[in-house]
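Report on the structure
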Amino acid sequence: MKVFIAADHAGFKLKQRITKKMKDLVDLTPGFKEGDDYPLVARKLCKSLKKGDKGILICGSGIGVSIAANKFKGIRAALCNSLKDAKSSRNDEDANVLCLSGSSLTTEKALKIIKKWLSSPFSLAPRHLRRIKQIAVFEKWR
């Protein structure tokens, strides 16, 4: 499993601080480029994910990358601002993309959220499996 990370201009500084602490992340936006708009950054990351991989996206609020990422087949992106959000997004929704706010999270809090998210397994409880299947049906409606 690979863990990819990418950020737009508003999330770039937080992403840089995270990648200095977590060397095993695959950084898809290592240098800042004008035009690194959040929809394009989300696309780049989502298209890089293979089965079993995970991704971390950062923009100013985390909302933009979350919306953009969720447009891609097989992506379940979750905006997480707390450890509870991180655990729940993995346990209940089997999120494969973590979205973070570059403007409201400290580096320390973001690192804690990432570590909780990466270490939290998906629950195989029937209700969670049923809901994941329901979400997959929506993809066919696009």
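Look above for the structure.
It should be emphasised that the depicted structure is a prediction, and the values quoted were computed from it without experimental measurement.

Along its length, the protein chain carries six helices and five strands. Moving toward the C terminus, one meets the helices and strands of the protein chain in the order β-α-β-α-β-α-β-α-β-α-α. Over its C-alpha atoms the protein chain spans a radius of gyration of 14 Å, differing by no more than 12% from the 14 Å that the globule rule assigns to 142 residues. With the C-alpha coordinates aligned to their principal axes, the bounding extent of the protein chain is approximately 40 × 30 × 25 Å.

Among the nonpolar cores identified, the biggest contains 21 residues, and Ile-18, Ile-56, Ile-58, Leu-98 and Leu-100 are the most heavily contacted of them. Elements with a contribution of two residues or more to this core: strand S1 (3–7), helix H1 (12–21), strand S3 (54–59), strand S5 (97–101) and helix H5 (107–119). Ranked by the residues each element gives to this core, the list is headed by H5, at five residues. If sequence neighbours within four positions are ignored, Leu-98 has contacts with Gly-55, Ile-56, Leu-57, Ala-78, Cys-80, Ile-113, Ile-114 and Trp-117. In this structure, Leu-28, Ala-42, Ala-69 and Ile-75 belong to the second largest nonpolar core, which totals 17 residues.

Under the definition given, this model contains three salt bridges. Across the pair Arg-76 and Asp-94 runs a salt bridge, and its minimum N-O distance is 3.2 Å. Of this pair, Arg-76 sits in the loop between helix H3 (63–69) and strand S4 (77–79) while Asp-94 sits in the loop between helix H4 (83–91) and S5, and the two are 18 residues apart along the sequence. Asp-94 is the partner of Arg-90 in a salt bridge, and the nearest nitrogen-oxygen pair spans 2.8 Å. Exposure remark for Arg-90: the relative accessible area of 7% places this residue in the buried category. Within the structure, one salt-bridge network assembled from shared partners comprises Arg-76, Arg-90 and Asp-94.

Taken together, the buried positions of helix H2 (residues 38–48) are occupied by Val-41, Ala-42, Leu-45 and Cys-46. When H2 is viewed along its axis, its buried side chains cluster within an angular range of 130 degrees and face the same direction. Exposed and oriented more than 90 degrees from the buried face of H2 are Leu-40 and Lys-47. On the buried face of H2, the contacting elements are S1, S3, H3 and S5.

The next thing to look at is the packing of H1 against H5. Two elements in contact, H1 and H5, have axes separated by 10 Å at closest approach and are oriented at 60 degrees. The angle between H1 and H5 places the two elements in the oblique class. In this structure, H1 meets H5 at a crossing whose hand is right-handed. Of H5, the residues touching H1 (which contributes Leu-14, Arg-17, Ile-18 and Lys-21) are Thr-107, Ala-110, Leu-111 and Ile-114.

A few words on the packing of H4 against H5. Packing of H4 against H5 brings their axes to within 8 Å, and their N-to-C directions diverge by 25 degrees. The angle between H4 and H5 places the two elements in the roughly parallel class. Crossing geometry of H4 relative to H5 is assigned as right-handed. Residues Leu-83, Ala-86, Lys-87, Ser-89 and Arg-90 of H4 touch H5, and the partners they reach there are Lys-112, Ile-113, Lys-116 and Trp-117.

Reading the values: rules and limits
- Residues numbered from 1 in each chain as written.
- Predicted model: local features only at pLDDT ≥ 70, side-chain atom pairs only at ≥ 80, totals over all residues.
- Heavy atoms only, no water.
- Helix = DSSP H or I, 4+ residues; strand = E, 2+ residues; numbered from the N terminus.
- Rg over C-alpha atoms; globule rule 2.2 N^0.38 Å.
- Core = buried A, V, L, I, M, F, W, Y, C linked by side-chain atoms within 4.5 Å.
- Buried < 20%, exposed > 50% of the residue type's maximum accessible area, 1.4 Å probe, protein only.
- Contact = heavy atoms within 4.5 Å.
- Salt bridge = Lys/Arg side-chain N within 4 Å of Asp/Glu carboxyl O.
- Arc of directions from axis to C-beta.
- Axes fitted to C-alpha atoms, helices over the stretch in contact; angles between N-to-C directions.
- Parallel < 35°, antiparallel > 145°, perpendicular 65-115°, else oblique.
- Left-handed = near helix turned anticlockwise from the far one by under 90°.

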